[in-house]
Amino acid sequence: MKIGLLTSGGDCPGLNAVIRGAVLNGVKTYDDEFVGFRDGWRGVVEGDVMDLPRTKVRGLARTGGTILGTSRTNPFDGPHGGPENISIVLERHHIDAIVAIGGEGTLAGAKRLADAGLPVVGVPKTIDNDLQATDYTFGFDTAVSIATDAMDRLRTTGESHHRCMVAEVMGRHVGWIALHSGMSAGAHAVLIPEQRVPMSQVAEWVKEVHDRGRAPLVVVAEGFIPEGFDEVLHEKGTEKDGRPRLGGIGEYVTEEIERLTGIETRNTTLGHIQRGGAPTGFDRVLATRFGMAVVDMIHDKEWGRMVALKGTDVVRVDFSEALNNLKQVPQHRWDEAKVLFGR
Ligand code: F6P
């Protein structure tokens, strides 16, 4: 078979490992041929493809980014979008199947194309770990480990200056990165979109820690909204694709802590550092297994499905299972973490 791979949406450590896993399994087990679509769905609708021979994926598991490039193009938009046009592209390039590697938006587009009868399958991807139907997505472990390392560093400088340190991490809709990195770094407060904590409570946790002679460490997810505020607080206009542009919640939390406690406080926004560079060992293995498994799924012609991790097994699920709603941090995980806050 000839298989076309694409990476779409925000990039994520482990994308190249998926590509390598797919190509190696396809070439060795099935004698498949591979091409890559450049820059996500843009490459599909415009027929912009590159050959992906085995030699091209050598050593890729340890690299960050995506060799295919990515974009947030919607496969239904523009003069060349839509299932009929995409079918013509597939025929022209003799491509038998598309593998869409992406998050919620990408998989929603993939589902619509599969529903229209196109041979499309998926691999879930997001550092935010907010997709249903899979216990983990690759990239999450890397983001948590980068954020943990950053917070360990913030802690030592915080201790030297007797300051409160705030770290803003990614997490537009959910607080998984904040929760896990906060727990791992021993943060004294974790602020996530799922929990509308008032700033007065945050100030109390910070003061308790400061009163014990320690430097408080607070981690805040970019999508956190304190109790008593609406979403406007941390939106800064609109992205090209219509999403609200986030930014500034770390600064806001920092100013409020300083105002309410009188403790000198500094903010660090980690931003895209969390998405860059080499994947961790866990993410390399997960991404490689996903890449290998999706090729097996193609040979079983299970269109409209994606691979997922359940426990330690890679399984196959319908797109719709992943797209129901976002996987939020459940109440019991928050309650568990909260025991560690403040004093
Ligand atoms: O979806 C993953 C994510 O990391 C979000 O947490 C974040 O809001 C978004 O990507 C930012 O992506 P970009 O700057 O590429 O639009």
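Residues numbered from 1 in each chain as written. Predicted model: local features only at pLDDT ≥ 70, side-chain atom pairs only at ≥ 80, totals over all residues.

Caption draft 1: Focus on the overall build of the chain. Along the chain, the regular secondary structure elements total 11 helices and 13 strands. Relative to its length of 343 residues, the chain is compact, with a C-alpha radius of gyration of 22 Å against a globular reference of 20 Å. With respect to the principal axes defined by its C-alpha atoms, the chain has extents near 70 × 35 × 30 Å. Here the chain holds 343 residues, and 51% of them are scored as buried. Summarising the internal contacts of the chain: among those between residues at least 6 apart in sequence, 74% fall at separations of at least 24. (Helix = DSSP H or I, 4+ residues; strand = E, 2+ residues; numbered from the N terminus. Rg over C-alpha atoms; globule rule 2.2 N^0.38 Å. Buried ≥ 20, exposed ≤ 12 C-beta atoms within 10 Å, placed from the backbone. Contact = placed C-beta atoms within 7 Å.)

Caption draft 2: Fine view of the site of the ligand. The local shell around the ligand consists of Gly 10, Gly 103, Thr 126, Ile 127, Asp 128, Met 170, Gly 171, Arg 172, Glu 222, Glu 239, Leu 246 and Arg 275. Both domains that furnish three or more residues to the shell around the ligand are identified here as domain 1 (2-138 + 279-323) and domain 2 (142-275). (Near = placed C-beta within 6 Å. Domains from an automatic or database assignment.)

Caption draft 3: Expanded view of helix H7 (residues 199-211). If you check H7, its first and last C-alpha atoms are 18 Å apart, about what 13 residues at 1.5 Å a residue would give, namely 18 Å. Listing the buried residues of H7 in full gives Val 202, Ala 203, Trp 205, Val 206 and Val 209. Angular distribution of buried residues about the axis of H7 spans 160°; they occupy a single face of the element. Summarising the geometry of H7, the exposed residues directed more than 90 degrees from the buried face are Ser 200 and Asp 211. Its buried side turned inward, H7 meets strand E6 (164-169), strand E7 (189-191), strand E8 (217-221) and helix H8 (249-261). The positive-phi residue at the C-terminal boundary of H7 is Gly 213, with phi of around 85°. (Expected span 1.5 Å × (residues − 1). Arc of directions from axis to C-beta.)

Caption draft 4: The sheet that holds E8, seen in detail. Spatial strand order, E7-E8-E6-E11: four strands in an open sheet with parallel pairing. Strands with a single pairing partner mark the edges of an open sheet, and in this sheet they are E7 and strand E11 (265-269). This sheet shows a mean twist of 20° between the axes of neighbouring strands, independent of strand direction. Here E7 runs beside E8; their pairing, made up of three bridges, is parallel. The partner of Val 190 across the bridge, within E8, is Val 219. Lying on the sheet, helix H5 (residues 140-161) is in contact with E6, E8 and E11; it crosses E6 at an angle near 165°. (Pairing = 2+ DSSP bridges. Axes fitted to C-alpha atoms, helices over the stretch in contact; angles between N-to-C directions.)

Caption draft 5: Examining the UniProt feature "binding site: Mg(2+)" (unreviewed entry) in the chain more closely. The positions that UniProt labels "binding site: Mg(2+)" (unreviewed entry) are, in the present scheme, Glu 104. A tally of 20 C-beta atoms within 10 Å means that Glu 104 is categorised as buried. In contact with Glu 104, other than residues within four places in its own chain, are Leu 131 and Leu 323. (UniProt positions renumbered as here; feature names shortened; annotations may be inferred.)

Caption draft 6: Focus on the environment of Thr 148. As for its position among the elements, Thr 148 is in helix H5. C-beta crowding within 10 Å serves as the criterion here: with 20 such atoms nearby, Thr 148 is assigned to the buried category. Here the alpha-carbon distance between Thr 148 and Ala 178, two residues 30 residues apart in the chain, equals 9.5 Å.

Caption draft 7: Just H8, in detail. The terminal C-alpha atoms of H8 lie 18 Å apart, and with 13 residues this matches the ideal 18 Å at 1.5 Å per residue to within 8%. Those residues of H8 not exposed but buried are Ile 249, Gly 250, Val 253, Thr 254 and Ile 257. Projection of H8 onto a plane perpendicular to its axis shows the buried side chains occupying an angular sector of 140°, all on one side. Along its buried surface, H8 packs onto E6, E7, H7, E8 and E11. Just downstream of H8, Gly 262 is the residue with a positive phi angle, here 75°.

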